[in-house]
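Residue-level structural notes
Spelled out, the chains give:
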Amino acid sequence: MKEKPSERLCRNCGSPVGERYCPRCGQEYGSTRITWRTLYDEMVSLLIGDSLFSETGAIPRYGMLQTLWRFVRHPAVTVGEFIAGKQRKYVPPLTLLLLVCTLCLLTLTGLGYELLDGSAAAEEEIDTMIFSLFGFMNSHIEIIALLNVPWLALAYRWVFRSRSQLRYMEYFYIGLYLASLHILLATLLTILTHACGFDPDGMPQFWLGRIITVTLCVYNVVIIRNLLKIDWTRSLAGCLLGQLIAAVLSLTVISLIVTVWEIAAEI
Ligand SMILES: [Zn+2]
């Protein structure tokens, strides 16, 4: 016998469930036994999205690949929608970044490659302490990607202060989406370098860094231009100034940390 709506209680929060989803917590009503189907649904929901499993007319929710693909194709629209409030539609940027890092690391480890980022290209001239710091960063790709985000957000907040009402954290979230793209690009280019048979320690390392820098710069300019509704020249100039300030800020902090580290080591 079919249960009457009033008897249907949500297994997550205990509220009465009239429709397919609990009005209080959003859990789908139905069997909660774990099956192969549960694993399949979770994978599809995580990677692709779960519009396929929602009620007719429900708003689709993008999974990791859909969010990434949309960000790659329409960066300004994706970021603009997220900031304007369409936050259930996309995978939130921090979750996305962690997923991208995990998948990229698993792929690289599986292939037996080390991530080439171009950031350690000039490593021979840098003293051993900074070298070890770069070595640490190279083995923790999420750190390279995250390192620049707070500084760039701070710099953009200042550079565009008279043009935009965007908050520091809104720039920070834009930076998190861009960090996912950074990791993805670095991973794809690393695989490409190996696939083409180049010596990973030679010139490709340098060009790889340049390709990533230019691509990210273009994405920055496009996003800022569309969000702030300014012209290309202003957007380009502002982004370059912002990147410069961010680089100076993060290098200053890294030097300070290294100095303190060295002083502490001597004591
Ligand atoms: Zn519930």
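Nothing here was measured: the structure is a model prediction, and the numbers come from that model. (Residues numbered from 1 in each chain as written. Predicted model: local features only at pLDDT ≥ 70, side-chain atom pairs only at ≥ 80, totals over all residues. Heavy atoms only, no water.)

The subject of this paragraph is the overall build of the protein. Secondary structure assignment for the protein yields ten helices and zero strands. For the protein, the α and β elements follow one another from N to C terminus as α-α-α-α-α-α-α-α-α-α. Taken over 267 residues, the protein has a buried fraction of 36%. If you take every contact in the protein between residues at least 6 apart in sequence, the share linking residues at least 24 apart comes to 59%. Element-wise, carbon and sulfur atoms account for 64% of the exposed surface of the protein, whose accessible area totals about 16,300 Å². (Helix = DSSP H or I, 4+ residues; strand = E, 2+ residues; numbered from the N terminus. Buried < 20%, exposed > 50% of the residue type's maximum accessible area, 1.4 Å probe, protein only. Contact = heavy atoms within 4.5 Å. Areas by Shrake-Rupley, 256 points an atom, 1.4 Å probe, with all protein chains shown as cover.)

Compared with the 40 Å implied by 1.5 Å per residue over 28 residues, the 40 Å span of helix α8 (residues 168-195) between its first and last C-alpha is a close match. One or two positions beyond α8, positive phi appears at G197, with a value near 80°. (Expected span 1.5 Å × (residues − 1).)

This paragraph deals with the coordination of the zinc ion. Every protein donor of the zinc ion is listed here as C10 (SG), C13 (SG), C22 (SG) and C25 (SG), and their distances to the metal cover 2.2 to 2.4 Å. The site at the zinc ion holds four donor atoms, and with the angles between them running 103 to 116°, its shape is tetrahedral. Positions of the donor residues of the zinc ion, expressed as sequence spacing, correspond to C-x2-C-x8-C-x2-C. Since its relative accessible area comes to 6%, C10 is described here as buried. (Donors = N, O, S within 2.8 Å, 3.2 Å for Na, K, Ca; no water. Tetrahedral: all angles 85-135°; square planar, octahedral: opposite > 155°, others 65-115°.)

Before going further, it helps to examine the environment of A153. When you line up the elements, A153 lands in helix α7 (residues 149-159). Overall, A153 belongs to the buried group, its relative accessible area being 1%. Along the backbone, A153 and M169 are 16 residues apart, and their C-alpha atoms lie at a distance of 7.4 Å. When neighbours within four sequence positions are excluded, A153 is seen to be in contact with Y168, Y171 and F172.

Moving on: a nonpolar patch on the surface. Side chains of W158, L241, L244 and V248 sit close together on the surface and give an oily, nonpolar patch of about 410 Å² of accessible area. With three residues, helix α10 (residues 232-266) is the largest single contributor of residues to the nonpolar patch. With respect to the helices and strands, the residue L241 is situated in helix α10. On the accessibility criterion, L241 (39% relative accessible area) is partly exposed. (Patch = residues over 30% accessible without salt bridge, like charges linked within 9 Å, V, L, I, M, F, W, Y side chains within 5 Å. Salt bridge = Lys/Arg side-chain N within 4 Å of Asp/Glu carboxyl O.)

Another aspect to go through is the pattern of salt bridges. In the structure shown here, the tally under the stated rule is four salt bridges. Taking the shortest distance from any N to any O, the salt bridge between R20 and E28 comes out at 2.8 Å. Given a relative accessible area of 31%, R20 falls into the partly exposed group. Look at E28 and you get partly exposed, because its relative accessible area is 37%. D41 is paired through a salt bridge with R37; the nearest N and O atoms lie 3.1 Å apart. Separated by four residues within a single helix, D41 and R37 lie in helix α1 (residues 36-47), roughly one turn from each other. Judged by relative accessible area, which is 24%, D41 ranks as partly exposed.

Moving on, we get to the nonpolar core. Counting 49 residues, the largest nonpolar core has F71, F160, Y171 and I224 as its most contacted members. If you list the elements that add at least two residues to this core, you get α2 (64-73), α3 (75-84), α4 (93-111), α7, α8, α9 (203-228) and α10. Not counting residues up to four positions away in its chain, the partners in contact with I224 are Y156, F160, Y171, K229, I230, S235 and C239. (Core = buried A, V, L, I, M, F, W, Y, C linked by side-chain atoms within 4.5 Å.)

Each packed pair of helices is defined by two parameters, the angle between the axes and the distance between the axes. For the pair α4 and α8, interaxial distance at closest approach is 9 Å and the crossing angle is 10°. If you check the angle between α4 and α8, you find them roughly parallel. Residues P93, L94, L96, L97, V100, C101, C104, T107, L108 and L111 of α4 pack against Y173, L176, Y177, A179, S180, I183, L184, T187, T190 and I191 of α8. Its residues assigned to classes, the contact of α4 with α8 comprises 16 nonpolar, four polar and no charged. (Axes fitted to C-alpha atoms, helices over the stretch in contact; angles between N-to-C directions. Parallel < 35°, antiparallel > 145°, perpendicular 65-115°, else oblique. Nonpolar A, V, L, I, M, F, W, Y, C, P; charged D, E, K, R; others polar.)

Okay, the packing of aromatic side chains next. Evaluation of the coordinates by the stated rule reveals eight aromatic pairs. By the ring-pair criterion, three or more aromatic residues cluster together here, those being F71, F82, Y173, Y177 and Y219. When the ring centre of W158 is taken as reference, the NZ or CZ atom of R161 above it lies at 4.5 Å. (Phe/Tyr/Trp six-rings, centres within 6.5 Å; stacked < 30°, edge-to-face > 60°. Lys NZ or Arg CZ within 6 Å of the ring centre and 35° of its normal.)

Interpretation in functional terms is not warranted from these geometric data alone.
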